[in-house]
Amino acid sequence: MALRPDKFFPTLRLFCVAGTAALMAGCSSDEPREREARQAVEADHRDLGQIVSYEKINGEKLVVQGVKGYRLFYRASTKMVDGYIWRTGGWQGSGIQKGRNKGGFGEYGATNFTPIPAGSTFITEGTIVFRLTDNGWIVDSRQQTRQGYCNPDVKVTDCSFAKIDMAQAQRDAAAKARKQAEETAKRQAFEALRPNVSPWSDITIQNDRVVSITLKSDQCLEAKRRATNELGHGYHYRPTDLNGSVGNWIFVKEGENVAIFPSPVRSITFARDSTSRPRGWRTLAIRTWTRTASGCQPM
């Protein structure tokens, strides 16, 4: 009588089937393991310091041209080493970068650089896209969508974007108050040195029209852009001297002021920047003061 292996060795048969199923399931996993995901995040923060917390926020299964993928949404906190600064403003926006710039204008057009103390907690949210290959999951792309940091006196567990936003709002308010105080002091000092300073008044230049301001022989004039929400890139002006000779057009960039003039003039003519689109109205603020022995000095 022939023996049937499956009858006498049912346990062995069950083990083989289960093992094969487990192997196939492992090879066709729909997402990277947590260890693989964390390692990918750590690789993105390795130079900053040591990751002290990692959290998966969300996940999304992908299929691109028949290839399996997975998008991981994460949040991570890193205890930072020395040698980094926080960039404010500029065409790249606010963010962290390596360097020791103490402040002021710099690369990327940033408005300010603030040194980040060692031991600060850097918190970030971002995405990492994985792609499934024959050898497993590999990182295809990564992007940090939000950044911020808390100073060393804030516990890692207490550092959050809500706390960062609150601290930034307080810094912004303090900076605004300082700027207003500086402008007030500067204006008061300016007006004390310039006799007969007139109040600011507005002039409006529409489309292709020009506006001319006639001055007395002992007057100086200052003009600045009034509305910050107008489209365009600036404005032009040209002087006419006491002999009636008309000067060349001079371009004033957006946001710049101009004090007119180091020599007596009869009138100033203002015009829109002809390169700006769409064409529309431009509001300028002007004021005059009496010329002093030193002439017309900018504010």
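Use the structure listed above.
Here goes a summary of the coordinates provided. In this text, all values refer to a predicted model and were calculated from it rather than measured experimentally. (Residues numbered from 1 in each chain as written. Predicted model: local features only at pLDDT ≥ 70, side-chain atom pairs only at ≥ 80, totals over all residues. Heavy atoms only, no water.)

**Quick word on the sheet that holds strand β3 (residues 84-88)**
Here three strands make up an open sheet; going across it, the order is β4-β3-β5 and the pairing antiparallel. For this open sheet the edge positions go to β4 (95-98) and β5 (112-116), each flanked by a neighbour on one side alone. Here the strands of the sheet are splayed against their neighbours by 35° on average, with no regard to which way each runs. Pairing of β3 with β5 involves five bridges; the strand directions are antiparallel. By the bridge assignment for β5, Ile 85 is matched with Pro 115. (Pairing = 2+ DSSP bridges. Helix = DSSP H or I, 4+ residues; strand = E, 2+ residues; numbered from the N terminus. Axes fitted to C-alpha atoms, helices over the stretch in contact; angles between N-to-C directions.)

**Remarks on the sheet that holds strand β1 (residues 49-64)**
Read across the sheet, four strands follow the order β1-β2-β6-β7 without closing on themselves; strand pairing throughout is antiparallel. One side of each edge strand has no neighbouring strand; the edge strands of this open sheet are β1 and β7 (136-150). Within this sheet the neighbouring strands show an average axis-to-axis angle of 15°, counted without direction. Where strand β6 (residues 121-133) meets β7, 13 bridges bridge the pair, whose relative direction is antiparallel. What sits directly across from Thr 121, in β7, is Cys 150. Against the sheet, helix α3 (residues 34-45) makes contact with β1, β2 (67-80), β6 and β7, and its axis sits at roughly 120° relative to β1, the strand it touches most. (Contact = heavy atoms within 4.5 Å.)

**Let's talk about the pattern of salt bridges**
If you walk through the whole model with that rule in mind, you get twelve salt bridges. Between Asp 30 and Lys 68 there is a salt bridge, and its shortest N-O distance comes to 3.2 Å. Separated by 38 residues along the polypeptide, Asp 30 in the loop between α2 (10-27) and α3 and Lys 68 in strand β2 bring together distant segments of the chain. Taking the relative accessible area as the measure of exposure, Lys 68 reaches 32% and is therefore partly exposed. Between Arg 71 and Glu 60 there is a salt bridge whose closest N-O contact spans 2.7 Å. Placement of the pair is Arg 71 in strand β2 and Glu 60 in strand β1, with a sequence separation of eleven residues. Through salt bridges with shared partners, a single network forms among Asp 30, Lys 61 and Lys 68. (Salt bridge = Lys/Arg side-chain N within 4 Å of Asp/Glu carboxyl O. Buried < 20%, exposed > 50% of the residue type's maximum accessible area, 1.4 Å probe, protein only.)

**Here's the deal with the pairing of β6**
Most of β6 sits out of view: ten of its 13 residues are buried. Across eleven bridges, the pairing between β2 and β6 is antiparallel. Residue pairing for β6: Gly 69 is matched across the bridge by Arg 131.

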